[in-house]
Amino acid sequence: MKLDILAIAAHPDDVELSCAGTLMVHAAQGMKVGVADMTRGELGTRGTPETRAAEAKAAAELMGLAVRENLELADGFFRNERTEQLAIITAIRKYQPDIVLTNAIDDRHPDHGRAARLVADSCFLAGLRKIETTFNGQLQQAWRPKQVFHFLQDRYHEPDFVVDITAVMEQKLDAIRCFKTQFLAPEQETLQTYISSPSFFESVIYRAKMLGKMVGVAYAEGYTSAKMIGIRSFADLINEVT
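Residues numbered from 1 in each chain as written. Predicted model: local features only at pLDDT ≥ 70, side-chain atom pairs only at ≥ 80, totals over all residues. Heavy atoms only, no water.

**Student:** Before we go on, may I ask you to explain the sheet that holds strand E7 (residues 147-151) in this structure?
**Tutor:** Working definition: the strands of a sheet are paired by backbone hydrogen bonds and lie parallel or antiparallel to each other. Taken in spatial order, the 7 strands of this open sheet run E3-E2-E1-E4-E7-E9-E8, and their pairing is mixed. Because the sheet does not close on itself, it has two edges, and the strands there are strand E3 (67-73) and strand E8 (161-164). Looking at each pair of strands side by side, their axes are set apart by 30 degrees on average, direction ignored. Two strands pair when backbone bridges link them, and strand E1 (residues 5-9) and strand E2 (residues 33-39) are joined in this way by 5 bridges, in the parallel orientation. Paired with Ile 5 across the strands is Val 33, a residue of E2. (Pairing = 2+ DSSP bridges. Helix = DSSP H or I, 4+ residues; strand = E, 2+ residues; numbered from the N terminus. Axes fitted to C-alpha atoms, helices over the stretch in contact; angles between N-to-C directions.)

Right, here's the structure in full:
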């Protein structure tokens, strides 16, 4: 299945927090969008790999994803090395996305920045035909996405551009709520984490509001790009939100 956009993220729920709105906006436009979670989030304080898999499935259905798979790399211990690169390369060649969305280039959780570099390097390597990978016993064709964009996560980075997600903001919040073991834990529960408090959930809303304000809309998601973004004509910016 060829995808227009593939989000590759370190943990189940990274996508929901950071780029779910973007995926839903483009799905509504008729594009095929999907997610590859790199790990099962097995080191998370709350929940289990099984509960998080069920939560990811529920969120995928809500977001209207064409596909969601888990690459089952080692949470906390994956590295930007050959084995992990080949797993990412295989997924990229399998779905042939034009655009890849991935983790922030630097963030509070060390997996995020490491995933960002791993995915960016793998996107380049996926275009080298002498690197051989197979899927279902068939040799895969080389494929390099046209763009790799890094979404914003816990730490703030000045975005190179933002995407208006006003029309789907409520659905984005519902997708986050699908991860019941991770977010909005009842106050009486003794096992609390940095992300389980209502204040963390509210910070996601505040961030989207702040990014939206930058371009005159209610809510937005932001991205950075290591590669210069070019246009063929000023006409490409006619529909720019101001």
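**Student:** Would you mind showing me how to read the state of the cysteines here?
**Tutor:** Covalent bonding between the sulfur atoms of two cysteines is what defines a disulfide. Enumeration according to the criterion identifies 0 disulfides in this entry. With no disulfide partner, Cys 19 has as its closest neighbouring cysteine sulfur the one in Cys 123, 13 Å distant. Taking relative accessible area as the criterion, Cys 19 reaches 0% and is therefore assigned buried. Looking at Cys 123, the relative accessible area reads 2%, which means it is buried. (Disulfide = S-S within 2.5 Å. Buried < 20%, exposed > 50% of the residue type's maximum accessible area, 1.4 Å probe, protein only.)

**Student:** Is there a simple way to explain the pairing of E2 in this structure?
**Tutor:** Every other side chain in a regular strand lies on the same face of the sheet, so the side chains alternate between the two faces. Across the 7 residues that make up E2, a large majority, 7, are buried. As judged from the 5 bridges shared by E2 and E3, these two strands associate in the parallel manner. From the neighbouring strand, Val 35 faces E3, where its bridge partner is Arg 68. A crossover links E2 with its parallel partner E3, the connecting element being helix H3 (residues 49-63), and its sense is right-handed. (Right-handed = clockwise from strand over helix to strand, strands pointing away.)

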